[in-house]
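So the chains spell out like this:
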Amino acid sequence: MTRSFPNPVFRFAPSSNGYLHLGHAYSALMNFDMARASGGRLLLRIEDIDIERCRPEFEQAIYEDLRWLGLSWEEPVRRQSEHFSDYAVALDRLTERRLTYPCFCTRGEIITAVAGKSDWPRDPDGSPLYPGACKHLSKEERRRRLAAGQPAARRIDMDAALAAAKLQLGWREFGAGAQMRDVAAEPARWGDAVLSRKDVQTSYHIAVVVDDALQGVTDVVRGEDLFMATSLHRLLQALLDLPAPSYHHHMLLRDASGQKLSKSLRAKSLRALRQEGVSSAAARESLTRNLTLATAR
Ligand code: GLU
């Protein structure tokens, strides 16, 4: 008897807050190659919840640059800014279970609260863990502030969430060498992370787990800078009864000084390379060399 397995589903999920650089091209190409090699599907998702920083011209440039690289993907493309209601449903489910609470603190207040405490724990991105002022507000006080229109973020109550998830969480990791390994998730390292921001009614963490599940993504291939975030994603998936994809966190491309390429550090964009006369064949060739080196590690 033959068993049929569903085709793997990969996705490349850039944020449209700047032009793509070679690091993005590397990630996109890896997704594309893995989808092709496994007979799988490749989706493209535009992560544009940050409506202040994301712009339509960057989104158009993403399509143009990826096509220039010779990549193709399934249509229609999912644009996160069109799905805030999906993220709200997920957040409400957590809130109904008392796994979130509103937080009225400003960044400044949080920094002041931990000032002088040099050993205050930090999350994997280097931000101080939330000290918890709003966690202990009374129901009445929360209601009063919300009714007065005070802007509020929504944080996960990590202790309650860990107790609710019950299971020891982990994931199958295929990055850094071809060997599969089981990784134990450590969501507590994020403390009471923000699940919905004051300015945006969701967060990257909620949007990514909801979308990966809604789109049937089976294989998440992304940079190793998101390795630690996967712990939080696994917790959210468990709490929302969403399936766990396999993960492959790939190495990040670095510049000559060893800095990882990033939009904020103004890494040279694909379009700038193109304007300098670099051919897409040459760009792909240098990325393929990197891919081969990465899988040989
Ligand atoms: N949108 C994220 C970025 O551009 C990637 C998110 C992901 O792959 O999970 O860095």
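Each remark here, short or long, concerns the structure printed above.
Everything in this summary refers to the structure shown in the same document. (Residues numbered from 1 in each chain as written. Predicted model: local features only at pLDDT ≥ 70, side-chain atom pairs only at ≥ 80, totals over all residues. Heavy atoms only, no water.)

A closer look at the site of the ligand
All residues adjacent to the ligand are R11, A13, P14, S15, E47, Y204, V208, R222 and L226. E47 places a side-chain nitrogen or oxygen 2.7 Å from a nitrogen atom of the ligand. In the environment of the ligand, an oxygen atom lies 2.9 Å from a nitrogen or oxygen atom belonging to the side chain of R222. When the free accessible area of the ligand is taken as 300 Å², the share hidden by the protein chains comes to 79%. (Near = heavy atom within 4 Å. Polar contact = N/O pair within 3.5 Å; in protein donor to acceptor, adjacent residues only side chain to side chain. Areas by Shrake-Rupley, 256 points an atom, 1.4 Å probe, with all protein chains shown as cover.)

Observations regarding the packing of helix α3 (residues 84-96) against helix α7 (residues 204-214)
Interaxial distance between α3 and α7 falls to 9 Å at its minimum, and their mutual angle equals 110°. Put simply, α3 runs roughly perpendicular to α7. Contact residues: D86, Y87, A90, L91 and L94 in α3; I206, A207, V210, D211 and L214 in α7. Partitioning the contact of α3 with α7 into residue classes produces eight nonpolar, no polar and two charged. (Axes fitted to C-alpha atoms, helices over the stretch in contact; angles between N-to-C directions. Helix = DSSP H or I, 4+ residues; strand = E, 2+ residues; numbered from the N terminus. Parallel < 35°, antiparallel > 145°, perpendicular 65-115°, else oblique. Contact = heavy atoms within 4.5 Å. Nonpolar A, V, L, I, M, F, W, Y, C, P; charged D, E, K, R; others polar.)

Things to note about the packing of aromatic side chains
The description of two aromatic rings rests on the distance between their centres and on the angle between their planes. Taken as a whole and judged by the stated rule, the model has six aromatic pairs. Here the aromatic rings of Y63 and W73 are separated by 6.3 Å at their centres, their planes lie at 25°, and the arrangement is stacked. Of this pair, Y63 sits in helix α2 (residues 56-68) while W73 sits in the loop between α2 and β3 (74-79), and the two are 10 residues apart along the sequence. Exposure class is identical for Y63 and W73. Each is buried. (Phe/Tyr/Trp six-rings, centres within 6.5 Å; stacked < 30°, edge-to-face > 60°. Buried < 20%, exposed > 50% of the residue type's maximum accessible area, 1.4 Å probe, protein only.)

Structural notes on α7
Across the 11 residues that make up α7, a large majority, eight, are buried. Buried within α7 are the following residues: H205, I206, A207, V208, V209, V210, D211 and D212. Once α7 finishes, G216 follows within two positions and takes phi at roughly 65°, a positive value.

Describing the side chain of R145
With respect to the helices, strands and loops of the structure, R145 is situated in helix α5 (residues 139-147). A polar contact of 2.8 Å, which involves the side chain of R145, links it to the side chain of E141. Setting aside residues up to four positions removed in sequence, R145 forms contacts with F104, L137 and Q150.

With respect to the sheet that holds strand β8 (residues 194-196)
With antiparallel pairing, the three strands of this open sheet are ordered in space as β4-β5-β8. If you trace the sheet from one side to the other, it starts and ends with β4 (100-103) and β8, each paired once. Sheet twist, expressed as the mean angle between neighbouring strand axes with direction ignored, is 45°. As paired strands, β4 and strand β5 (residues 153-156) are joined by four bridges and run antiparallel to one another. Bridging across to β5, T100 finds its partner in I156. Across the sheet, α3 touches β4, β5 and β8, and the angle it forms with β8 is around 125°. (Pairing = 2+ DSSP bridges.)

Some details on the environment of A207
Among the structural elements, A207 can be located in helix α7. A207 sits in the buried class, given a relative accessible area of 0%. Remark: the alpha-carbon pair of A207 and A88, spanning 119 residues in sequence, is separated by 9.4 Å. Apart from the residues lying within four places of it in its own chain, the contact partners of A207 are I49, Q80, Y87 and T202.

Some words on the packing of α7 against helix α8 (residues 229-239)
For the pair α7 and α8, interaxial distance at closest approach is 10 Å and the crossing angle is 60°. The orientation of α7 with respect to α8, classified from their angle, is oblique. Crossing of α7 over α8 shows right-handed handedness. The residues of α8 that touch α7, namely those facing Y204, H205, I206, V208 and V209, are A229, L232, H233, L236 and Q237. Among the residues forming the contact of α7 with α8, the class breakdown is seven nonpolar, three polar and no charged. (Left-handed = near helix turned anticlockwise from the far one by under 90°.)

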